[in-house]
Amino acid sequence: MNVYEMTRSDASQLIMIGPIGALIGAPLASWISSRLETIKRPYIVVHIIVLLGWFSFLLCNGHPSFFFLIIIFFIIGFGYGASALTFAAVRQSFKLEESGIVSGIANTGGFLSAVLLPIIFGYILDHFQSTSGNLFDGYYYGFITPVIFSIVGLIGVILFKEKRQSVGQK
């Protein structure tokens, strides 16, 4: 809000680009994985796209152009919508008796990152504000956190062992 000299209302409208991407990402990623009859490949592509979205903040020194910011928010939202593939992967990879507990653990990972990311990011911003007074450096180093989280998520998807099911099998 302060970096782009936006009003609170304008900033909240900008943030809504992410959920719009999520609304499109969830059904589109599910449809693509159904058409390809695989979850892992589309999910890896989505994770790489999200990682690149977060990494682009670093390439722009934490301050991309306003137009690029809209695109980044949409891409990141799209990727988070596509994270619904996690539950399809769990259901496919584990026995029915185990899928509930594994889904809960997978869900915890998503919520844990959603809780930790703003705390860590805020701590980094506070640190740079109090030591150097340079908020732009704080944003740059703060965006390293979601990049690391995205790398961890990508590693998790790469390590996922997919069990393919034939069309007639349930």
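Our subject is the structure that appears above.
Participant: Mind showing me how you'd approach the packing of helix H1 (residues 8–15) against helix H2 (residues 17–36) here?
Facilitator: Helix packing for two helices is described by the angle between their axes and how far apart those axes are. Relative to each other, H1 and H2 sit at 15°, their axes nearing to 4 Å. Of the possible angle classes, the one that applies to H1 and H2 is roughly parallel. Residues Gln-13, Leu-14 and Ile-15 of H1 pack against Ile-17, Gly-18 and Pro-19 of H2. Within the contact of H1 with H2, the residues separate by chemical class into 4 nonpolar, 2 polar and no charged.

Participant: I keep staring at a nonpolar patch on the surface and nothing clicks. Help me out?
Facilitator: A cluster of nonpolar side chains, namely Ile-20, Leu-23, Ile-24, Leu-28, Trp-31, Ile-32, Leu-36 and Phe-74, defines an oily patch on the protein surface of about 730 Å² accessible area. At 7 residues, the largest contribution of residues to the nonpolar patch is made by H2. Position of Ile-20 relative to the elements: it lies in helix H2. For Ile-20, a relative accessible area of 44% gives the class partly exposed.

Participant: Mind showing me how you'd approach the packing of H2 against helix H4 (residues 66–82) here?
Facilitator: Where H2 contacts H4, the two axes come as close as 6 Å, and the packing angle between them is 40°. One finds that H2 runs oblique with respect to H4. Where H2 crosses over H4, the handedness of that crossing is right-handed. Here Ile-17, Gly-18, Ile-20, Gly-21, Ala-22, Ile-24, Gly-25, Ala-26, Leu-28 and Ala-29 of H2 lie close against H4, whose contacting residues are Ile-70, Phe-73, Phe-74, Gly-77, Phe-78, Gly-81 and Ala-82. Residue classes in the contact of H2 with H4 are distributed as 12 nonpolar, 5 polar and no charged.

Parameters and conventions
Residues numbered from 1 in each chain as written. Predicted model: local features only at pLDDT ≥ 70, side-chain atom pairs only at ≥ 80, totals over all residues. Heavy atoms only, no water. Axes fitted to C-alpha atoms, helices over the stretch in contact; angles between N-to-C directions. Helix = DSSP H or I, 4+ residues; strand = E, 2+ residues; numbered from the N terminus. Parallel < 35°, antiparallel > 145°, perpendicular 65-115°, else oblique. Contact = heavy atoms within 4.5 Å. Nonpolar A, V, L, I, M, F, W, Y, C, P; charged D, E, K, R; others polar. Patch = residues over 30% accessible without salt bridge, like charges linked within 9 Å, V, L, I, M, F, W, Y side chains within 5 Å. Areas by Shrake-Rupley, 256 points an atom, 1.4 Å probe, with all protein chains shown as cover. Salt bridge = Lys/Arg side-chain N within 4 Å of Asp/Glu carboxyl O. Buried < 20%, exposed > 50% of the residue type's maximum accessible area, 1.4 Å probe, protein only. Left-handed = near helix turned anticlockwise from the far one by under 90°.

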